[in-house]
Amino acid sequence: MKLIIDTDPGIDDAMAIAYAAAAPEIDLIGLTTVFGNTHVHQSSRNARFLLNKLGLAAPVAEGAAFAMGQSRHAPSEHVHGPEGFGDITDIPEIGANHDMTAAEYLVDMARRHKGEVVVCAVGPLTNIALAMQLDPEFSRNISRLVVMGGAVYCPGNVNPHAEANIYHDARAADIVFATPPETVLVGLDVTLKTLYETADFEALAERSSDMGGFLRDISRFYLKFYKEVGGLEGCGLHDSTAVIACTHEPMFEMVETGLSVVTEGPEIGATRPDSSRPSVRVCRNVDGAGVVHLFTERVASLP
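Description of the structure in this document. (Residues numbered from 1 in each chain as written. Predicted model: local features only at pLDDT ≥ 70, side-chain atom pairs only at ≥ 80, totals over all residues. Heavy atoms only, no water.)

Turning our eyes to something else, we now look at the packing of aromatic side chains. Evaluation of the coordinates by the stated rule reveals 8 aromatic pairs. Look at tyrosine 196 and phenylalanine 295: their rings are 5.2 Å apart centre to centre, the planes differ by 80°, and that puts the pair in the edge-to-face class. Linking tyrosine 196 in strand β7 (residues 195–197) with phenylalanine 295 in helix α13 (residues 288–299), this pair joins segments that are 99 residues apart in sequence. Judged by its relative accessible area of 0%, tyrosine 196 is buried. Looking at phenylalanine 295, the relative accessible area reads 0%, which means it is buried. (Phe/Tyr/Trp six-rings, centres within 6.5 Å; stacked < 30°, edge-to-face > 60°. Helix = DSSP H or I, 4+ residues; strand = E, 2+ residues; numbered from the N terminus. Buried < 20%, exposed > 50% of the residue type's maximum accessible area, 1.4 Å probe, protein only.)

As C-alpha cells, this is what we get:
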C-alpha cells in the first residue's frame with residue numbers, strides 16, 4: 001500500500017510513523033505536515049528527524065501553519081511538550097522540506113499513482129481540504145482517506161463535544177466531509193479502547209532499543225498528561241490505530257453515515273451524523289487488544 005501520512009508530530013504521531021515504517025504491508029512514500037500538536041515548522045523538523053532515525057528517504061512536504069481563515073495557532077504543549085516530543089527538546093534540523101507545499105504534493109502523488117495512494121490524516125484536516133480545493137479530481141484520484149479524528153458517538157477530548165484534530169480546523173473538516181473521497185473515520189469512539197501502558201512501552205524498549213527506547217522516553221510526558229487529566233494508566237494509540245485501519249479493516253466495526261462539523265459557537269468541532277451528506281465509514285468498535293499487540297510486534301522489529 002502506497003501511504004502518505006498527513007501529520008503534526010507529536011508523540012502519538014511518532015508512534016504511528018514508526019509503525020508505518022515497520023509494517024511490511026505499507027510503502028510509506030511521504031509525509032505532509034500541518035500545525036496542531038506543534039507549530040508547522042516544528043512538525044516538519046520532527047517529521048524529518050523521525051524519517052532519518054528510521055532510515056527512510058521519504059520526502060516531507062510542509063503544509064498549513066494555521067486553520068482556514070486564521071492567523072494564529074497555540075500548540076498543545078501541555079500534551080506533547082514544547083517541541084512535540086515530551087521532555088526531549090534538543091531535536092536537530094535534518095535535511096530540508098520538499099519544494100512543493102503539502103497540498104501540492106498530495107495532488108501530485110494522487111495524479112501520479114491514481115487509485116493507489118491511501119492518505120492517512122492524523123492532524124487537522126487543513127491540508128486535505130486545500131488539496132480538494134486545488135484539484136477537484138483529488139478525491140477520486142486517491143484510493144481512500146483514513147482520518148484520525150472526531151467523536152461521533154462519544155464525548156470529545158478538548159471539550160465535551162469535539163476531538164482535537166477536528167476542533168483545530170472545524171471549517172476544513174466540514175469541507176472534507178461535505179464531498180468526501182472514500183473515507184474511514186477513526187475517532188475517539190475506538191482509539192481510547194487501545195490503551196498503551198507504561199509496561200507496554202518498557203517491553204517495547206527492551207525489544208527495540210533505539211526506536212522503542214525513543215518512544216518510551218518521549219511517552220513519559222504524554223502518559224503523565226493522561227494520568228493527571230483523565231485518570232488513565234495509559235495513552236490511546238490514536239494515530240497508530242488510524243494507520244492500522246489502513247491495512248487491517250477487519251479489526252474494526254464500522255457504520256456508514258454522512259457527517260457534518262459544527263464550525264462556530266460553544267460546540268465548535270463536534271462531528272455529527274448528517275443523512276444529507278455522502279456516507280463515510282465511522283469506526284464504532286475495535287479489537288483493542290489486537291491493535292496493541294500488532295503495534296508492539298511491528299515496532300519491536302525495528303532496531
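One finds Leu3, Leu215, Phe252 and Phe295 to be the most contacted residues of the largest nonpolar core, which totals 64 residues. Examining the composition of this core, we find that 9 residues originate from one element, helix α1 (residues 11–22), more than from any other. Sequence-distant contacts of leucine 215, that is, excluding residues within four places in its chain, are made with Ala14, Met15, Ala18, Phe201, Leu204, Phe295 and Val299. Counting 34 residues, the second-largest nonpolar core is a separate cluster that includes Leu125, Phe138, Val176 and Leu259. (Core = buried A, V, L, I, M, F, W, Y, C linked by side-chain atoms within 4.5 Å. Contact = heavy atoms within 4.5 Å.)

Okay, the side chain of threonine 33 next. Mapped onto the fold, threonine 33 is located in strand β2 (residues 27–33). Within the structure, the side chain of threonine 33 is placed 2.7 Å from the side chain of serine 44, a separation counted as a polar contact. (Polar contact = N/O pair within 3.5 Å; in protein donor to acceptor, adjacent residues only side chain to side chain.)

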